[in-house]
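Fold and contact review
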Amino acid sequence: AVPVGPSKKQIMNGDLVVVDIPTLVEGYHADQARTYCLGKAETEVKDLHQAMIEISDHVIVHARPGIRCSDLFGLAMEKARAGGAADAYLSFGKGRKSQMIGHGIGLECTEPPTISKNEQSFVLENDVLAVEMHMFREGAGVIKIEDMFRVGPNENEILTKSPRVLSEVMA
């Protein structure tokens, strides 16, 4: 069970909707999240989504066996700063920020290792990780993406199959 759900707010043209889809198949968990916009997305929303994809890709490429989880978190923060999205990256608004960008996944939906600011454990070959991150900027809204990937000996394999795009849904 995921302890979140719908609100009573009517979705209006331009609103963003985050869909987080955890699943369980034959005892193994999977998790993904995508963001949808009702109608045409504003340029700022598209730019934030693109920045988030670039940060996510950066994390996935650099999640090599032997990297410390806190160092991977640091690489993501550096990429957000370099891309001009540090203010929105992992923001909950009012100066509050998440300190986690991912976790192991398998027999449990959230299991070690945790990719976070202070996690000192290492990424191992064949770890299956879910990298989940969001952007929030007042006036633009919340954008989220979550993908699962397997850490390979030479390169990583994204396991999530749905398109990694900001989907615009026309009413």
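Everything discussed here concerns the structure shown above.
Summarised in this report is the structure supplied together with it. No experiment lies behind these values; they were computed from the predicted model shown.

Cut-offs and rules
- Residues numbered from 1 in each chain as written.
- Predicted model: local features only at pLDDT ≥ 70, side-chain atom pairs only at ≥ 80, totals over all residues.
- Heavy atoms only, no water.
- Pairing = 2+ DSSP bridges.
- Helix = DSSP H or I, 4+ residues; strand = E, 2+ residues; numbered from the N terminus.
- Contact = heavy atoms within 4.5 Å.
- Polar contact = N/O pair within 3.5 Å; in protein donor to acceptor, adjacent residues only side chain to side chain.
- Buried < 20%, exposed > 50% of the residue type's maximum accessible area, 1.4 Å probe, protein only.
- Salt bridge = Lys/Arg side-chain N within 4 Å of Asp/Glu carboxyl O.
- Expected span 1.5 Å × (residues − 1).

1. Observations regarding the pairing of strand β6 (residues 111-116)
The pairing of strand β5 (residues 100-104) with β6 spans four bridges and is classified as antiparallel. Paired with methionine 100 across the strands is serine 116, a residue of β6. Here β5 folds back onto β6, and the loop between the two strands holds six residues.

2. Quick notes on the environment of serine 70
Within the element layout of this structure, serine 70 appears in helix α2 (residues 69-82). Separated by 26 residues in the primary sequence, serine 70 and arginine 96 place their C-alpha atoms 19 Å from one another. Apart from residues no more than four positions distant in its own chain, serine 70 is found in contact with Ser116, Lys117, Asn118, Glu119 and Gln120. Only 3.4 Å separates the side chain of serine 70 from the side chain of glutamine 120, close enough to count as a polar contact.

3. Section: the environment of isoleucine 105
Mapped onto the elements, isoleucine 105 comes out in the loop between β5 and β6. Given the relative accessible area of 5%, isoleucine 105 is considered buried. When neighbours within four sequence positions are excluded, isoleucine 105 is seen to be in contact with His29, Ala30, Asp31, Glu111, Val128, Leu129, Ala130 and Met148.

4. Brief notes about the pattern of salt bridges
Inspection of every chain in the model, using the stated rule, returns 11 salt bridges. A salt bridge links aspartate 147 to arginine 34; the shortest N-O distance between them is 2.7 Å. Placement of aspartate 147 in strand β8 (residues 141-150) and of arginine 34 in strand β2 (residues 28-38) is noted, with a sequence separation of 113 residues between them. According to the relative accessible area criterion, aspartate 147 is buried, its value standing at 0%. A salt bridge links aspartate 87 to arginine 137; the nearest nitrogen and oxygen atoms lie 2.7 Å apart. Separated by 50 residues along the polypeptide, aspartate 87 in the loop between α2 and β3 (91-93) and arginine 137 in strand β7 (residues 128-137) bring together distant segments of the chain. Here aspartate 87 falls in the partly exposed class, since its relative accessible area comes to 46%. Residue classification places arginine 137 among the partly exposed positions, given a relative accessible area of 21%. Among the ionic contacts, a cluster of salt bridges with common partners joins Arg34, Asp57, Asp147 and Arg164.

5. Remarks on helix α1 (residues 43-62)
In an α-helix, one full turn covers 3.6 residues, which means residues spaced three or four apart are oriented alike. A rise of 1.5 Å per residue sets the reference length of α1, with its 20 residues, at 28 Å; its end C-alpha atoms lie 29 Å apart and thus fit the reference within 8%. For α1, the complete set of buried residues consists of Val45, Leu48, His49, Ala51, Met52, Ile53, Ile55, Ser56, Val59 and Ile60. Packing partners of the buried residues in α1 comprise β1 (16-25), α2, β5, β7, β8 and β9 (157-158).

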